[in-house]
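# Examination of the molecular architecture
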Amino acid sequence: MTGDKSLPNSRRKARISNRSSVRAGTPAQVSSLRKTGIGLVGDTPWGTHICVFYETKQDLLDAAVHYFEAGLHSNEFCVWAISDPIAEREAMDALACAIPDFDRHLAAGQIELLQGSDWYLKGDEFDLQRITGGWYAKLSAALAQGYEGIRVSGNAFWIETNHWRAFCEYEQELDRSLAGKKMIVLCTYSLHASRAVDMLDVARAHQFTIARRNGNWEFLETPEIKQAKQEIRRL
């Protein structure tokens, strides 16, 4: 897998310290920062909602694998809702290749791979309450089993469907409801499939919006994203 290319310490600290959109959290949350596995994001409190725009399939795999590796090694229950351009076998192979003890985590039931279309569009119907309720049920079960919390990721296969508006509402509701919950969520979007207006909608619903381009991390600073950040600060 392609490794992360770290920023120099001084530059990295300057960028990471600018977290005006991240919830401050309670003292307990702050003292229990979670490793995201994502270079530009670093450690964050529970309730963090991250968006990654990826350029290639390998960029998507790299981002997700580093993210889940950090979760598995932090005693978190992990759920990956998979969809095109990745197949389940590709996801499994990528995880096994990058994480030396992946088979042990898999055998212990610490990670679950779902078909994104089945999870989000059961019977081709979108039900916001069913989806968010499903995540919270998994969180309750994970905590009961002794995990620290849950880490989930889903790929935005719905960009080019007639469900786009409903999924935008879901992203916004999820972002609001994560406060106080031991969850971290990573949403991945294709750069090539996303229009400028899509990027603006997505930026509004996430605390971090970054990109993975040919193995490199970068903050996504399109004019639309800058406008979104300015509007969010005025709220």
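Computed from a predicted structure; not experimentally measured. (Residues numbered from 1 in each chain as written. Predicted model: local features only at pLDDT ≥ 70, side-chain atom pairs only at ≥ 80, totals over all residues. Heavy atoms only, no water.)

### Structural notes on the overall build of the protein
- Scanning the protein from N- to C-terminus turns up 10 helices and nine strands.
- For the protein, with 235 residues in total, the buried portion stands at 51%.
- If you take every contact in the protein between residues at least 6 apart in sequence, the share linking residues at least 24 apart comes to 77%.
- When the accessible area of the protein is evaluated, it comes to approximately 10,800 Å², of which 50% is carbon and sulfur surface. (Helix = DSSP H or I, 4+ residues; strand = E, 2+ residues; numbered from the N terminus. Buried < 20%, exposed > 50% of the residue type's maximum accessible area, 1.4 Å probe, protein only. Contact = heavy atoms within 4.5 Å. Areas by Shrake-Rupley, 256 points an atom, 1.4 Å probe, with all protein chains shown as cover.)

### Quick word on unusual backbone geometry
- With omega at 15 degrees, the peptide bond leading from D84 into P85 counts as cis.
- Mapped onto the secondary structure, P85 falls in the loop between strand 4 (77-82) and helix 4 (88-98).
- Even without a glycine there, the phi angle at N75 is positive, about 60 degrees.
- Mapped onto the fold, N75 is located in the loop between helix 3 (57-72) and strand 4.
- You can call N75 partly exposed: its relative accessible area is 32%.

### Re the pattern of salt bridges
- Taken as a whole, this structure holds nine salt bridges when the rule is applied.
- When the shortest N-O distance is used, the salt bridge between E76 and R34 registers 2.9 Å. You can see E76 sitting in the loop between helix 3 and strand 4 and its partner R34 sitting in strand 1 (residues 34-35), a full 42 residues away along the chain.
- Owing to a relative accessible area of 0%, E76 belongs among the buried residues under this scheme. (Salt bridge = Lys/Arg side-chain N within 4 Å of Asp/Glu carboxyl O.)

### As for helix 7 (residues 128-144)
- Along its 17 residues, helix 7 runs 25 Å from first to last C-alpha, staying within 8% of the 24 Å computed at 1.5 Å per residue.
- All buried positions along helix 7 are accounted for by L128, I131, T132, G134, W135, K138, L139 and A142. Buried residues in helix 7, looked at end-on, bunch into an arc of 150 degrees, giving them a common side. Of the exposed residues in helix 7, those oriented more than 90 degrees away from the buried face are Q129 and A144.
- Where helix 7 is buried, its residues meet strand 4, strand 5 (111-115), helix 6 (116-120), strand 6 (150-155), helix 8 (164-177) and strand 7 (183-190). (Expected span 1.5 Å × (residues − 1). Arc of directions from axis to C-beta.)

### A closer look at empty space enclosed by the protein
- One pass over the structure, following the stated rule, counts one cavity of 30 Å³ or more.
- As a volume, the largest cavity reaches approximately 50 Å³.
- In this structure, the largest cavity is lined by 12 residues; those nearest its centre are Y120, G154, Y170, V185 and C187.
- The residue inventory of the lining of the largest cavity, partitioned by class, reads nine nonpolar, two polar and one charged. (1 Å grid on protein atoms, 1.4 Å probe; cavity = no way out; pocket = protein on both sides within 12 Å on 5 of 7 lines; lining within 4 Å. Points joined across faces, edges and corners; volume = space filled by probe spheres on them. Nonpolar A, V, L, I, M, F, W, Y, C, P; charged D, E, K, R; others polar.)

### Describing the confidence of the model for the protein
- On average, residues of the protein carry a pLDDT of 80, and 77% of them reach 70 or more.
- Counted against residues more than four places away or in other chains, residues 1-31, with its pLDDT under 50, gives 49 contacts. (pLDDT = per-residue confidence, 0-100.)

### Describing the sheet that holds strand 7
- One open sheet holds the seven strands; their spatial order is 5-4-6-7-3-8-9, and the pairing between them is mixed. Every other strand in the sheet has two partners, leaving strand 5 and strand 9 (216-219) as the edge strands with one partner each. The mean inter-strand angle of the sheet, taken between neighbouring strand axes irrespective of direction, is 20 degrees.
- Relative to strand 6, strand 4 is paired through five bridges, and the arrangement is parallel. Paired with F77 across the two strands is I150, which belongs to strand 6.
- Running over the sheet, helix 3 touches strand 3 (49-54), strand 4, strand 5, strand 6, strand 7, strand 8 (208-213) and strand 9 and is turned about 170 degrees from strand 6.
- Contacts between helix 4 and the sheet are confined to strand 4 and strand 5, with strand 5 contributing the most and set at about 155 degrees to the helix. (Pairing = 2+ DSSP bridges. Axes fitted to C-alpha atoms, helices over the stretch in contact; angles between N-to-C directions.)

### What about the packing of aromatic side chains?
- Within the structure shown, the criterion is met by 10 aromatic pairs.
- Here the aromatic rings of F53 and Y189 are separated by 5.6 Å at their centres, their planes lie at 40 degrees, and the arrangement is tilted. Remark: Y189 occurs in strand 7 and F53 occurs in strand 3; sequence separation between them is 136 residues. The residues F53 and Y189 share a single accessibility class, namely buried.
- Residues Y120 and F167 carry aromatic rings whose centres are separated by 5.8 Å and whose planes lie at 70 degrees to one another, so their mutual orientation is edge-to-face. (Phe/Tyr/Trp six-rings, centres within 6.5 Å; stacked < 30°, edge-to-face > 60°.)

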